[in-house]
Structures are given as C-alpha cells and as structure tokens.
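These are the residues of each chain, in order.
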Amino acid sequence: MHGAPRLGTRGSPLAMAQAREVAAAIVAARSWPAGRVEIVPITTSGDRVKDRPLADVGGKGLWTKELDLALLAGEIDFAVHSVKDVEVVRPDTIRLAAVRPRTHVTDTLVGAAGIGELREGAVVGTSSPRRKAQLLAARPDLVVVTLRGNVETRLRKLADGEADATVLSAAGLHRLGLDHVGTPIPFDLMLPAPGQGAIGIECRADDAHTLALLEAIDDPASHRAVSAERAFARALGGSCHSPVAALATVERDTVRLAGEILSEDGAERVRDKASFDCGDEEQAARLALAMLARAPETVRRLFATA
C-alpha cells in the first residue's frame, strides 16, 4: 500500500455515510490525521438499474462486481459494503476482513404504526422477496409492489403516493440521521436478512498489510454473528428470489441463530433456531438443511439444494 489507504464504496448517500464511518474508525485506531483514508466512490451496476428488481437482472452481484474488479486490480485497497448486499459465496481472492459493531438490526415500516395498522388491501412497496413474503405471511390481503431506489428515493416515492407504506432497514435510517422515521417491526413478524445492519470491509486475501490494518476495527462478536448467518444462507443454496431470514446473537463463546425460509407468497414458512460454539459454521449449515428437509414443496423448490 503506497500513500493513503484507498477505500472503495458505492456513491449513494448511505454508502458514503458508511464509508466515512469506516474511514473515521481507521483514523482513530491508528491515531492518523483526519482525511488520511481516501474514499473512492464507484458506480455499480445496481446503481444503474433503477426500474427492475435486482433479483431479475443479476441479484446481489450487481452491488459488488465493480468494487471487486477495482479491488483485484489494485485500484482500491479495501471495499466497504452493507453485508446484507454481499453474495454469501465470494471469490477466494477476497476476504471479509472486518465487520463493524452492529446495531439497529430490525426492519422499519414507514407509512403506518404497524403492519396490523395498514388498511385492508394497502399497497406496500419493496423489492425484497424476503420482505414481500413476510408481509404477506402477516397480512395476505396486502398488495406488494416493487419499489426500488436509495432511502431518499423510496421515501419520496412514498410521499408521492406510489405506495401506502414501505419497509426500510433501521440501520440505514440511523446512519442517515433518520431515526425518527417509521416504526420498528418485531422479529416475530419480520426476521431480518442475513447480515442486515452490519457494515463489512473486504480486501484482497493476500494483502497482509491491509488485513492487519482492518483487524484493528473489527468487532469480533458482530463478525461471528454475521458469519453464522451467512453460513446458514450459503447452505440453503438459494438465489436472490429465495425468501430467507436469519439473525444470530453472540453471548460469550456461544452463537444463538434463528432462521426462517418462506414460500414466495408467505403462505408457508419454516422457522427454527440453534445454539452452537462460535466459529462452528457447520452447525449453521445443519440448521438450514434440517429446515429445508421438512419444508413444503412451495418452499423447497426456491432453493437450489432442495
């Protein structure tokens, strides 16, 4: 690494807020002067596609492809992502080197005081198959439509009447200073996506200098929780069309993992939980496969390993 470390990120307001948070953490950990970390905004395919659900045009890879190419080409030293937007199967040449302390893991309903408060037949906008299935599981009468764009765009579309309500990540709202917006949705109604609320930093697997730099800002408990959730999702072998949720918490050396898989219309769902030693990702995979084994066909067919 020559000169200032180069941090790659998407250019959306939320992504830039996350990048600044990571840069500030590195500066503080190293006692460097402010501005020592260079932030390099990169436009991704996901930012260019605005009219269709990402699951229809390539999935989560559209958020990471350009950042991966820049990283492997040496144009940036590390990349900052919302972990929930990163594919669970990654190239061997790239390492998830650090995860920042995770808070605000819930989903937030904007437009009503709760899912039960929505009017009969209300229109709810989301591009997430998980959120769509969970909304319909709670309220089959709802009409779920595609609503894409960054946080500000979706809030504007809601204000313009394109939907009665939408669902956003509480973490994203928090990082944009919008904690006052919306109402948290309880986990029993909407378990979050694997990695939701976590900021992850990836670098080249053979870059020992950057790996050491990022280790200083890693939160081990959040990293272990995210790794368990991603192992659960990876074992399912699903696509971006597969409604899957997972939430892990870490207490001392134990991971407690709750998982959920659903049919596309939310009519069928399988939930379960497991506890295991930190780092034992095989147990997360076993939970996923056991849930798939007893899931109805409407759920199993959404996952490649079924």
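Bear in mind that the values here come from a model prediction, so they are computed numbers and not experimental data.

Draft legend 1. Expanded view of the pattern of salt bridges. Taken as a whole, this structure holds 19 salt bridges when the rule is applied. When the shortest N-O distance is used, the salt bridge between R271 and E260 registers 2.7 Å. Placement of R271 in strand β13 (residues 269–277) and of E260 in strand β12 (residues 254–262) is noted, with a sequence separation of eleven residues between them. Taking relative accessible area as the criterion, R271 reaches 39% and is therefore assigned partly exposed. Judged by its relative accessible area of 0%, E260 falls in the buried class. Between R294 and D272 there is a salt bridge, with the nearest N and O atoms lying 2.9 Å from each other. Of this pair, R294 sits in the loop between α9 (281–293) and α10 (297–300) while D272 sits in strand β13, and the two are 22 residues apart along the sequence. When its relative accessible area of 47% is taken as the criterion, R294 is described as partly exposed. By sharing partners, the salt bridges in this structure join R6, D77, R204 and D207 into a single network.

Draft legend 2. A look at the nonpolar core. In this structure, F232, L236, L257, I261 and F303 are the most contacted members of the largest nonpolar core, which totals 24 residues. Going through the elements one at a time, α8 (220–236), β11 (244–251), β12, β13 and α9 are the ones with two or more residues in this core. Core analysis: the next-biggest nonpolar cluster, separate from the first, contains 19 residues, V22, V37, A98 and I199 among them.

Draft legend 3. Seen up close, α8. Taking 1.5 Å of rise per residue, the 17 residues of α8 would be expected to cover 24 Å, and the 25 Å separating its terminal C-alpha atoms lies within 8% of that figure. Most of α8 is tucked away: 13 of the 17 residues are buried. Of the residues one or two after α8, G237 is the one with positive phi, at around 70°.

Draft legend 4. Structural detail: the pairing of β12. Across eight bridges, β11 lies against β12 in antiparallel orientation. Each residue of the ladder has a partner; that of A245, found in β12, is E260. Where β11 hands over to β12, the hairpin turn is made up of two residues, of which R252 adopts a positive phi near 55°. Where β12 meets β13, nine bridges bridge the pair, whose relative direction is antiparallel. Of the residues in β13, the one forming a bridge with L257 is A274. What sits between the antiparallel neighbours β12 and β13 is a turn of six residues, in which G266 has the positive phi angle 75°.

Draft legend 5. Structural view of the packing of α8 against α9. For the pair α8 and α9, the least separation of the axes is 8 Å and the interaxial angle reads 40°. Put simply, α8 runs oblique to α9. Two packed elements cross with a definite hand, and for α8 against α9 that hand is right-handed. Counting all contacts with α8, which are made through S227, A228, A231, F232, R234, A235 and L236, the residues of α9 involved are E281, A284, A285, L287, A288, L289, M291 and L292. When grouped by side-chain class, the residues that make up the contact of α8 with α9 number twelve nonpolar, one polar and two charged.

Draft legend 6. The arrangement of the sheet that holds β12 in detail. One open sheet accounts for three strands, arranged β11-β12-β13; its pairing is antiparallel. At either margin of the open sheet sits one strand with a lone partner, and together these are β11 and β13. Pairs of neighbouring strands in the sheet enclose a mean axial angle of 15°, with direction left out of account. Packed onto the sheet, helix α4 (residues 129–138) meets β11, β12 and β13 and runs at close to 75° relative to β12. Packed onto the sheet, α8 meets β11, β12 and β13 and runs at close to 150° relative to β11.

Draft legend 7. A look at the sheet that holds strand β3 (residues 78–82). The strand order across the open sheet formed by five strands is β2-β1-β3-β10-β4, and the pairing between neighbours is mixed. Sheet topology places β2 (38–41) and β4 (94–99) at the edges, where each strand pairs with a single neighbour. For this sheet, the mean angle separating the axes of adjacent strands, direction not counted, is 30°. Bridge count between strand β1 (residues 6–9) and β2: four bridges; the pairing is parallel. Looking at the pairing, R6 lines up with E38 of β2. On top of the sheet, helix α1 (residues 13–30) reaches β1, β2, β3 and β10 (199–204); it is set at about 130° to β3, its chief contact.

Draft legend 8. Here's a closer look at the environment of E120. With respect to the helices and strands, E120 occurs in the loop between β5 (107–110) and β6 (123–125). Look at E120 and you get exposed, because its relative accessible area is 63%. Expressed as a C-alpha distance, the spacing of E120 and L155, which sit 35 residues apart in the sequence, is 22 Å. With near-sequence residues (within four places) excluded, E120 lies in contact with R139 and D141.

Calculation rules
Residues numbered from 1 in each chain as written. Predicted model: local features only at pLDDT ≥ 70, side-chain atom pairs only at ≥ 80, totals over all residues. Heavy atoms only, no water. Salt bridge = Lys/Arg side-chain N within 4 Å of Asp/Glu carboxyl O. Helix = DSSP H or I, 4+ residues; strand = E, 2+ residues; numbered from the N terminus. Buried < 20%, exposed > 50% of the residue type's maximum accessible area, 1.4 Å probe, protein only. Core = buried A, V, L, I, M, F, W, Y, C linked by side-chain atoms within 4.5 Å. Expected span 1.5 Å × (residues − 1). Pairing = 2+ DSSP bridges. Axes fitted to C-alpha atoms, helices over the stretch in contact; angles between N-to-C directions. Parallel < 35°, antiparallel > 145°, perpendicular 65-115°, else oblique. Left-handed = near helix turned anticlockwise from the far one by under 90°. Contact = heavy atoms within 4.5 Å. Nonpolar A, V, L, I, M, F, W, Y, C, P; charged D, E, K, R; others polar.

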